[in-house]
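This is what each chain is made of:
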Amino acid sequence: MAETIEALFDEDRRFAPPAEFAANALVQDDSVSKASHEDPLGWWEAQASSLVWRKKWDSVLDWSGAPFARWFDGGKLNVTESCLDRHLADSGDQIAYHWEGEPGDRKDITYAELYAEVCRLANALAGLGVEKGDRVAIYMGMVPELPAALLACARLGAVHSVVFGGFSSEALADRINDAQAKAVITCDGAWRGGKIVPLKDMVDAALEHTSSVTSTLVVRRCGQQVSMSEGRDHWYDELVTQQAPEREATECDAEDPLYILYTSGTTAKPKGIVHTCGGYLLGVSVTHRLAFDIHDDDIYWCTADIGWVTGHSYAVYGPLANGVTSVLYEGGPQYPAEDRFWEIVERYKVTKFYTAPTAIRSFMKWGDHHPAKHDLTSLKLIATVGEPINPEAWMWYREVIGGGRCPVVDTWWQTETGQLMIAPLPGVTETKPGSATKPLPGAFADVVDESGQSVPLGHGGYLVLTRPWPAMARTLYGDPDRYVETYWARFSKPEEDTWVYFAGDGAKRDLDGYYWLLGRVDDVMNVSGHRISTLEVESALVDHPLVAEAAVVGRKDDRTGQAIAAFVTLRGGTTGDGALLTELRDHVAKRIGKIARPASLVFTDELPKTRSGKIMRRLLRDISEERQLGDVTTLANAEVVQEIADKAAERRNSED
Ligand code: WTA
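Residues numbered from 1 in each chain as written. Predicted model: local features only at pLDDT ≥ 70, side-chain atom pairs only at ≥ 80, totals over all residues. Heavy atoms only, no water.

J.: Could you give me a rundown of the overall build of the protein, with the residues and numbers involved?
T.: On a plain count of helices and strands, the protein comes out with 20 helices and 30 strands. Computed over its C-alpha atoms, the radius of gyration of the protein comes to 24 Å, within 12% of the 26 Å expected for a compact globule of 656 residues. The principal-axis extents of the C-alpha atoms in the protein amount to approximately 70 × 60 × 50 Å. When the 656 residues of the protein are sorted by exposure, 62% land in the buried category. Nonlocal contacts in the protein, meaning residues at least 24 apart in sequence, comprise 71% of its contacts between residues at least 6 apart. In the protein, which carries 67 positive and 97 negative side-chain charges, the distance between the mean positions of the two groups comes to 2 Å. (Helix = DSSP H or I, 4+ residues; strand = E, 2+ residues; numbered from the N terminus. Rg over C-alpha atoms; globule rule 2.2 N^0.38 Å. Buried < 20%, exposed > 50% of the residue type's maximum accessible area, 1.4 Å probe, protein only. Contact = heavy atoms within 4.5 Å. Lys, Arg positive; Asp, Glu negative; His and termini not counted. Charge placed at Lys NZ, Arg CZ, Asp CG, Glu CD.)

The following block contains the structure:
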């Protein structure tokens, strides 16, 4: 069998769940996983009683229209009744969100207050003509009105489409047009790194290129001057505050759409991922409870912006359905100083903390003295999502943030999966640094080769999901053919009624059956016929004590097909010289083999990243192959690109 992706990196450290944690965990043995394997649909059906339903479903899963799924068909509910109404009687006074603004202002919002705000906002939207099924664009900073906006749409059965506040007005206009949104909820501005992001100005610019929007609601946050268009634009504090704090929830079908969320394609037109009410809420609430081991007294903080799926599923719907108290922080991790996150953890005594590898690598770069200033002993579990986490970053997270006593929960999933798919059960699963471990209960995965055959343990290939799951995307908005083509065409066999979801990620499974994510399959290099994952070389680089972050791409090479080009950011205070360069290349050779030794290596202060923090390897490839640089407008830090290009050119000249 041809090796699809070679699995070179060996990691043999492993960590059992800490004894005290395991003794208090919701799940303490493998009975839950077993039950879900024996009868997946029966297991999900049993979980569904944890939500509030107005009418019970007729069938758990209707897969007759595969790959278009219908979960809990015939069931009726409104997701806000599970997220809000049911908590009012016993825990209306419980805090839903400890909100903290970037400039330092703070506000605690109870479940009763959130409920009232959602109802007032739903009433205001209804007054503006928003009805069940209408799309509403949401373009806001991380203010308390943001989760309220999602829920107010849900209360009305309207479909929200959140556009991350860091996107440009063109990106906003594209998304408004694609969804034909009727209204926009926004803010005058958002605080980010001490500066105002002028959201309302961007909305004004976007609306010049759209015709579907009839009204906007504007939250006053930064207080700067904005222009308000008479009849179209309304101040939130004028319109919403005067509404009644009650509103009957609109009854929805389990399969009615709850939201659209566009994935930020770097080249093609963004894809509008559609999630529905019943299955989605079930998938996110169950996985939130299991993977984060949610108890009533938890203070939970998911640092993701609500503009991303992680924020939708694990800062809004999952935690609220589970009645947990969350932290919601408006701003950046560096404001006013690099210890802001740890100050927040200490202030609210956060117990469960969920962030991204890109943030963890920044924390490593900034230095251990920042977390050391704060008492982080309230933390019981720390988790990550968004990218493969390099083993050394995982170890740093475990030791420096988790104090060596917290399970590290690496969660693999996607906007399309809606819910976590591969992650440890923290009280049960032994973890290994860099592995997302195994599929959660109710999730089924495999690693296959080009022909769709399962590869033996110890080998790499393509990650696929082999059974439908409740929170799966139902389609791409307005483009069902592209949905089938992108995710289901590659490995499914419709003639045999076998449906296999292709995630687009490479993965390997070790001899224990653990999954190791190797990045997007477009991030695989081919060096002299060996398919090597960029991630493994990056992990070998980050394994060196002086390296904070690394990105690796394959550039064309006459001799080897592709040659490995590395870009390296060093830990605070270190400068890269020729000796270190050689040392790092040798380090990779020693760590994973000569075949993976980078052909070139450039030191840089920063790596180009998308606004969600993912490294843009495409641009580094362009730089390495001396191509005209592609579109940089989706980058968070476009200015670093030229700097890296100059350094790479300098380096090439000195090599010649
Ligand atoms: C990557 C974010 C490795 C992966 C929830 C996936 C990960 C894409 C992990 C989805 C992880 C996410 N380990 N890779 N724990 N989590 N990814 O849609 O490539 O923003 O396909 O969803 O991020 O990104 P998205």
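J.: Can you break down the pattern of salt bridges residue by residue, with the values?
T.: Enumeration according to the criterion identifies 46 salt bridges in this entry. A salt bridge links Arg54 to Glu81; its shortest N-O distance comes to 2.8 Å. Remark: Glu81 occurs in helix H4 (residues 79-91) and Arg54 occurs in the loop between helix H3 (40-47) and strand S1 (59-62); sequence separation between them is 27 residues. On the basis of relative accessibility, which here comes to 32%, the residue Arg54 falls in the partly exposed class. According to the relative accessible area criterion, Glu81 is buried, its value standing at 13%. Ionic pairing is found between Arg597 and Asp586, a salt bridge with its closest N-O pair at 2.3 Å. One end of the pair, Arg597, is in the loop between helix H18 (578-592) and strand S30 (600-603); the other, Asp586, is in helix H18, with 11 residues separating them in the sequence. Of the residues examined, Asp586 reaches a relative accessible area of 36% and is grouped as partly exposed. In this structure, a network of salt bridges that share partners links the residues Arg14, Glu430, Lys432, Asp510 and Asp512. (Salt bridge = Lys/Arg side-chain N within 4 Å of Asp/Glu carboxyl O.)

J.: Could you give me a rundown of the packing of aromatic side chains, with the residues and numbers involved?
T.: Tallying each qualifying case throughout the model produces 37 aromatic pairs. Between the aromatic rings of Trp57 and Phe72, the centroid separation amounts to 5.0 Å while the plane-to-plane angle is 75°, which identifies the pairing as edge-to-face. Of the two residues, Trp57 sits in the loop between H3 and S1 while Phe72 sits in strand S2 (residues 70-73), which places them 15 residues apart along the sequence. Summarising the burial analysis for this pair, Trp57 and Phe72 share the class buried. Seen from the ring of Tyr514, Lys432 lies directly overhead, with NZ or CZ sitting 4.4 Å from the centre. In this structure, Lys508 packs its charged tip against the face of Trp516, placed 5.4 Å from the ring centre. (Phe/Tyr/Trp six-rings, centres within 6.5 Å; stacked < 30°, edge-to-face > 60°. Lys NZ or Arg CZ within 6 Å of the ring centre and 35° of its normal.)

J.: I'd like a rundown of the state of the cysteines, residues and numbers included.
T.: Following the criterion strictly, the structure yields zero disulfides and no others. Unpaired in terms of disulfides, Cys187 finds its nearest cysteine sulfur in Cys222, a separation of 7.7 Å. Just so you know, Cys252 is unpaired, no disulfide at all, and the nearest cysteine sulfur is the one on Cys277, 4.6 Å from it. Exposure remark for Cys252: the relative accessible area of 3% places this residue in the buried category. (Disulfide = S-S within 2.5 Å.)

J.: Run through the site of the ligand, naming residues and quoting values.
T.: Taken together, the neighbourhood of the ligand is formed by 16 residues, with Asp410, Thr411, Thr415, Asp505 and Lys614 sitting nearest. Between the ligand and Asp410 there is a distance of 2.7 Å, counted from a nitrogen atom to a side-chain nitrogen or oxygen. Contact distances for the ligand include 2.9 Å between an oxygen atom and a side-chain N or O atom of Arg520. Surface burial for the ligand is 90%, taken as the share of its 530 Å² of free accessible area covered by protein chains. Among the secondary structure elements, those contributing two or more residues to the shell around the ligand are helix H11 (309-321) and strand S25 (515-520). Here the residues of the shell around the ligand are counted per class, giving six nonpolar, five polar and five charged. (Near = heavy atom within 4 Å. Polar contact = N/O pair within 3.5 Å; in protein donor to acceptor, adjacent residues only side chain to side chain. Areas by Shrake-Rupley, 256 points an atom, 1.4 Å probe, with all protein chains shown as cover. Nonpolar A, V, L, I, M, F, W, Y, C, P; charged D, E, K, R; others polar.)

J.: Kindly report on the packing of H4 against helix H5 (residues 111-127), identifying the contributing residues and their values.
T.: Viewed as axis vectors pointing N to C, H4 and H5 meet at an angle of 140°, and their least axial separation amounts to 9 Å. The two elements H4 and H5 cross, and the hand of that crossing is left-handed. Where H4 approaches H5, its residues Cys83, Leu84, Asp85, His87, Leu88 and Ser91 are matched on the opposing element by Tyr111, Ala112, Leu114, Tyr115 and Val118. Split into classes, the residues belonging to the contact of H4 with H5 amount to eight nonpolar, two polar and one charged. (Axes fitted to C-alpha atoms, helices over the stretch in contact; angles between N-to-C directions. Left-handed = near helix turned anticlockwise from the far one by under 90°.)

J.: Tell me about H18, and name the residues and values.
T.: Between its first and last C-alpha, H18 extends 22 Å over 15 residues, near the 21 Å set by a 1.5 Å rise per residue. Listing the buried residues of H18 in full gives Leu580, Leu581, Leu584, His587, Val588, Ala589 and Ile592. Immediately downstream of H18, the backbone of Gly593 shows phi near 125°, a positive value. (Expected span 1.5 Å × (residues − 1).)

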